[in-house]
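Geometric and topological summary
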Amino acid sequence: MKITKFFSTVVLLALLGTVSCSCPSSQSSDSRADDIEARIDDVMSKMTLHEKIGVIHAQSKFSSAGVPRLGIPELWCTDGPHGIRPEVLWDDWNQAGWTNDSCVAFPALTCLAATWNQELGLLYGKSIGEEARYRNKAVLLGPGVNICRTPLNGRSFEYLGEDPYLSGRMAVGYVKGVQSNGVAVCVKHYALNNNEVDRYTTNAIADERTLREIYLPAFKAAVVEGGAWSIMGGYNLFRGQHACHNDYLMNKILKGEWGFDGAVISDWGGTQSTEEAIFNSLDLEYGTWTDGLKMGLTNAYDNYYMARPYEKLIEEGKVGTKELDDKVRRVLRLIFRTTGDKNRPFGSLCSDEHYAAAQKIGEEGIVLLKNEGLLPLDLEKTKKIAVVGENAIKMMTVGGGSSSLKVQHEISPLDGLKKRLAGKAEVVYARGYVGDASGEYNGVTTGQDLSDNRPASVILAEAVKVAAESDVVIFIGGLNKADHMDAEGSDRLEYSLPYGQNEVIEALLAANKNLIVVNISGNAVAMPWADKVPTIVQDWYLGSEAGTSLASVLTGDVNPSGHLPMTWYASLEQNGAHALGAYPGVKRNDGSDITDLEYKEGVFVGYRYVEKNNLKPLFPFGHGLSYTTFEVDNAKIKTSGSGDSFKATVTVDVTNTGKVEGAEVVQLYVSDLECSVERPVKELKGFAKVNLKAGEKQTLSFALDSEALKFYDEKEGWKAEAGKFDVLLGVSSADIRQTVSFDYK
Ligand code: BGC
């Protein structure tokens, strides 16, 4: 399967704005916007109060009402963000029992971030958007862009890593790709929803600089550059007020500063107050149990905070209709941009192109962490391969919470390897350990029976024997989206690998030193054996083509080019939130159930903390190896202007100095050498992925402006101070190959 030439060139370039294309509509966006506003005016002039109230809250688990009398369609949402969720019952999370709702699972968003390839952000969005459109959804609940503050966060796999710039760049492509189908994204979970433990009651307290520099940029990029049509308020509180109707986040920043013209949707059950919802910009309420009684009532939807209680306040003259009209206008805009767009394309489901996209994103996101020569597999010499570990066989698309899917197919790592190696090498499998044998989420089952009641010692002994008899051993383990293992609603309980996997790895190593460890997770994990194991690969949750992508990389059909979107700490103490005791917060002593969580590490998140404290992580942010080698040299900088008209062009040569074709990610960091406040040692401000044949050289060019130099000053806002700056170019945050300097005035 190959991505068609048409698809990869014309459509992606059109989305990037470099060629014109007839999708989704040839009408100019300005005149389309005017049309939409005129249609909204017309509809609003005919709507009754009751009809207006009717469109701003849910009518089922995933839909809100339209105005049938006026031909305004219902609004249908779907999770998100890795595939289109199967249909659930009207008022129940259980399966509706449809047989036409299986989808392609795309790799988890951490993998997308690990590709460091912005075109793949677009391809991802375009492909998943087509699936959403085919399933007739107006809103896709994703992407998730919360920053990976701690590796214990259960939902990091749904996000784009620890760096605000990288997350923002990848999110913009996703947003544009999805919305080119006439399907809205819903960027989540705005904002500072960085852990799952106590997720409904955590009060995140971050200072203004931390908020602006770390936690908001990816949301801002998705809204301002991506043009997101909706955004989801988080469950948590921010500075004492619930995020879904937080005056500061919603009124001041999102709708005020960023000029967001879309709809704010509550997370499912995130609304807590009618009054705050009215005045603090919540536009659409979803998932509330009832009127706060935490129990289902008959006709629960009428008791939503933004249903009857709001209508009553208006009828009694206690609040006016100005806020309501603004909400209705935004919801109608969302409908007219999506379901109500006559030129909306039709979408497609489970197409060859979507599988090819999933496979490619998976292949480009896999990170080769360490390689002492075992990869790519030498199929001349390797005749027998032992594959050990539960994750080699476990279906990973079911589980993990709301991103759980019902897939048309999922290729496991073992099946992918067996298929690729058929006729080349014998593949023998042993489980090694038993982790999570379940395989069900909300009524979707994997159909796998992973129960194994043999004693652990017997299961391990079998694996050790198989390992000893093989030429190479591939251990495939990690986490698995069970509770506390990368899942919504719970954080991990420890940084270590669970189920005794460290002992299994040690035992395999003692039996056969030719050991490759493939870790599957959406988060960093402790690897106490890392210096002894010769080859380590980070595989993420790769979706439908998981095994195909992994087999391509292990055999060298595809040269690995993924780089870490998060720091791989040697231990949790290297992470600022943990080192400073700022996770998971302190429960209040006042009878409330609030947990105050102060972001004590401030802007020093991920590599910013590690570098400030001169720590040596196991693998640094941005790290990723290849089967070839690259030289990065001849960096030059040209600057012009001063203050806000400052511009710089940085050029650098990249050469593939090895024997095979491959892609390298060149990362550009900016370091402010003279500043009145303590800044991170350096910050990512640009990157480019370049594919080169053996011996080929290319010159890359990066444009910088004063925005790339700024920090957030509590009093003055964004500001760059005059002085010396370095621009560092490298292939990881710890492998800087070139430095150029300039003076900023
Ligand atoms: C999750 C959201 C999800 C929603 C609908 C919530 O519990 O936090 O991410 O989109 O449910 O399933």
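Structure: see above.
A quick note: this is a predicted structure, and the numbers were derived from the prediction, not measured.

For the rest of this paragraph, the subject is the site of the ligand. By nearness alone, 14 residues border the ligand, and D79, R155, H189, Y235 and D267 come closest of all. The contact in question runs from an oxygen atom of the ligand to an N or O atom on the side chain of R155, over 2.8 Å. In the environment of the ligand, an oxygen atom lies 2.7 Å from a nitrogen or oxygen atom belonging to the side chain of Y235. In isolation the ligand offers 310 Å² of accessible surface; the protein chains occlude 95% of this area.

All right, on to unusual backbone geometry then. With the exception of glycine, most residues fall at negative phi, and the peptide bonds are largely trans. Of note, the bond from D79 into G80 is cis; its omega dihedral lies within 30 degrees of zero at -10°. Among the structural elements, G80 can be located in the loop between β2 (75–79) and α4 (109–115). The amide bond that connects G142 to the next residue, P143, takes the cis arrangement and shows omega of 5°. Note that P143 resides in the loop between β3 (139–141) and α6 (164–179). The backbone of R239 shows a phi angle near 45°, a positive value even though the residue is not glycine. Tracing the chain through its elements places R239 in the loop between β7 (237–238) and β8 (241–242). Taking the relative accessible area as the measure of exposure, R239 reaches 36% and is therefore partly exposed. Positive phi, close to 50°, is recorded for C350, a residue that is not glycine. Here C350 lies in the loop between α12 (322–337) and α13 (352–365).

What follows deals with the sheet that holds strand β17 (residues 535–539). Strand order in the open sheet formed by six strands is β10-β17-β16-β15-β11-β12, and the pairing between neighbours is mixed. Lying at the two open borders of the sheet, with one neighbouring strand each, are β10 (367–371) and β12 (426–430). In this sheet, adjacent strand axes meet at a mean angle of 20° when their direction is disregarded. Across five bridges, the pairing between strand β16 (residues 515–520) and β17 is parallel. Bridge pairing in β17 links I520 to D539. Across the sheet, helix α16 (residues 501–511) lies against β11 (384–388), β15 (472–478) and β16, angled at about 175° from β15, the strand it touches most.

The next point concerns the side chain of T655. Within the secondary structure, T655 is located in strand β21 (residues 647–656). By relative accessible area, T655 is classed as buried at 14%. Those residues in contact with T655 that lie beyond four places of it in its chain are T629, F630, E631, L692, G695, E696 and K697.

To continue, consider the packing of aromatic side chains. Counting across every chain of the model gives 24 aromatic pairs. With a centroid separation of 5.7 Å and an interplanar angle of 75°, the aromatic rings of F62 and W93 are classed as edge-to-face. With F62 in the loop between α3 (49–54) and β1 (63–64) and W93 in the loop between β2 and α4, this residue pair connects regions lying 31 residues apart in the sequence. Feature note: the residues W116, Y165, Y607, F621, Y669 and F687 constitute an aromatic cluster, connected by ring pairs. One residue, K682, lies across the ring of Y669, its end atom 5.2 Å from the ring centre.

Scoring rules and cut-offs
- Residues numbered from 1 in each chain as written.
- Predicted model: local features only at pLDDT ≥ 70, side-chain atom pairs only at ≥ 80, totals over all residues.
- Heavy atoms only, no water.
- Near = heavy atom within 4 Å.
- Polar contact = N/O pair within 3.5 Å; in protein donor to acceptor, adjacent residues only side chain to side chain.
- Areas by Shrake-Rupley, 256 points an atom, 1.4 Å probe, with all protein chains shown as cover.
- Helix = DSSP H or I, 4+ residues; strand = E, 2+ residues; numbered from the N terminus.
- Buried < 20%, exposed > 50% of the residue type's maximum accessible area, 1.4 Å probe, protein only.
- Pairing = 2+ DSSP bridges.
- Axes fitted to C-alpha atoms, helices over the stretch in contact; angles between N-to-C directions.
- Contact = heavy atoms within 4.5 Å.
- Phe/Tyr/Trp six-rings, centres within 6.5 Å; stacked < 30°, edge-to-face > 60°.
- Lys NZ or Arg CZ within 6 Å of the ring centre and 35° of its normal.

It is worth stressing that arrangement in space is one thing and function is another; only the former is reported here.
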